[in-house]
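# Structural characterization, general
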Amino acid sequence: MLSTQLKQDAEQFIDEIYGDDFIQGLINEDISHASLIHYLQADALYLEEFANIYAMLISKTTSKEMMEYLLEEMRFILGGEVEAHEILARAVGRPYAEIIEDGEWYPSADHYIKHMYYNAYAKENIAFTLSAMAPCPYIYQKLAEKAMAQNVFQENHQYRGWFEFYSGNIDETADVMFKAIDKEAGKMNDYEIGLLRKNFRESAEHERRFFNMAMTREHWAEVDMNV
Ligand SMILES: Cc1ncc(CN)c(N)n1
């Protein structure tokens, strides 16, 4: 099954992201407020687009069951995931709504978002877009599970709730995506299946870049508009 291969492909990225500074910074409560703010600003915009892409997929599917799933996920992304963001905002000591007033699609986030949009616009079959979206719930879930399994988070650990949120909440989100990808892959040729796998791998790598982007507080170069 393709999803088995995709999950295997993800392992390398999960291990790398887990060892990188963002996740280690959360685990060890040693991450700067500036990086958390950068992450929150970028992620709020990313999730908004993720919800928009769900809406695009609704118009492409004829399955009522898939429509209902996409609607529910849209609602979760727009409302439910704020809970995880609030945990980081609390650590920063500023209201979440105020933090996300600023921000833009910083370069790595921009690339990731456009990777998903490309598939939504260019491909009629929703499996192409879903393969670019699936690392989003899947990788966070696996990272959180790994963190919970390998560490003891005390009651007063500032980011314990963040790991609990992602280890518990999104199991089904990724499962439904994988099932839909497997179903469509069953009707595809090797070239198309290769594209699904490439989409997934690229998004897994984008996930890593997204976290690292917060650590370096990546920005676009300033341009002098008067020249
Ligand atoms: C970039 C990114 N990827 C994944 C997730 C988890 N839904 C997230 N909030 N942001």
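Here is a short report on the structure shown in this document. (Residues numbered from 1 in each chain as written. Predicted model: local features only at pLDDT ≥ 70, side-chain atom pairs only at ≥ 80, totals over all residues. Heavy atoms only, no water.)

## Quick notes on the site of the ligand
Every residue lining the ligand is accounted for by Asp-43, Tyr-46, Leu-47, Glu-81, Cys-136, Tyr-140, Tyr-166, Glu-207 and Phe-210. At a separation of 2.7 Å, a nitrogen atom of the ligand approaches a polar side-chain atom of Glu-81. Within the side chain of Glu-207, an N or O atom sits 2.7 Å from a nitrogen atom of the ligand. Here the ligand loses 98% of its free accessible area of 290 Å² to cover by the protein chains. (Near = heavy atom within 4 Å. Polar contact = N/O pair within 3.5 Å; in protein donor to acceptor, adjacent residues only side chain to side chain. Areas by Shrake-Rupley, 256 points an atom, 1.4 Å probe, with all protein chains shown as cover.)

## Comments concerning the side chain of Asp-43
Mapping Asp-43 onto the fold places it in helix α3 (residues 33-58). Buried and unpaired, Asp-43 has Arg-90 as its nearest opposite-charge partner, separated by 15 Å. (Helix = DSSP H or I, 4+ residues; strand = E, 2+ residues; numbered from the N terminus. Buried < 20%, exposed > 50% of the residue type's maximum accessible area, 1.4 Å probe, protein only. Lys, Arg positive; Asp, Glu negative; His and termini not counted. Salt bridge = Lys/Arg side-chain N within 4 Å of Asp/Glu carboxyl O.)

## Observations regarding the packing of aromatic side chains
Scanning the model with the defined rule gives 19 aromatic pairs in all. For the ring pair Tyr-140 and Trp-162, a centre distance of 5.8 Å and an interplane angle of 50° mean the geometry is tilted. Within this pair, whereas Tyr-140 is found in helix α9 (residues 135-150), its partner Trp-162 is found in helix α10 (residues 160-168), the two being separated by 22 residues in sequence. Relative to Tyr-166, the ring of Tyr-140 lies with its centre 4.8 Å away and its plane at 75°, an arrangement referred to as edge-to-face. Of the two residues, Tyr-140 sits in helix α9 while Tyr-166 sits in helix α10, which places them 26 residues apart along the sequence. Classification of Tyr-140 as buried rests on a relative accessible area of 6%. Looking at Lys-123, its charged tip hangs above the ring of Phe-128, at a distance of 4.9 Å from the centre. Geometry around Tyr-18 places Lys-146 over its ring, the cationic atom sitting 4.8 Å from the centre. (Phe/Tyr/Trp six-rings, centres within 6.5 Å; stacked < 30°, edge-to-face > 60°. Lys NZ or Arg CZ within 6 Å of the ring centre and 35° of its normal.)

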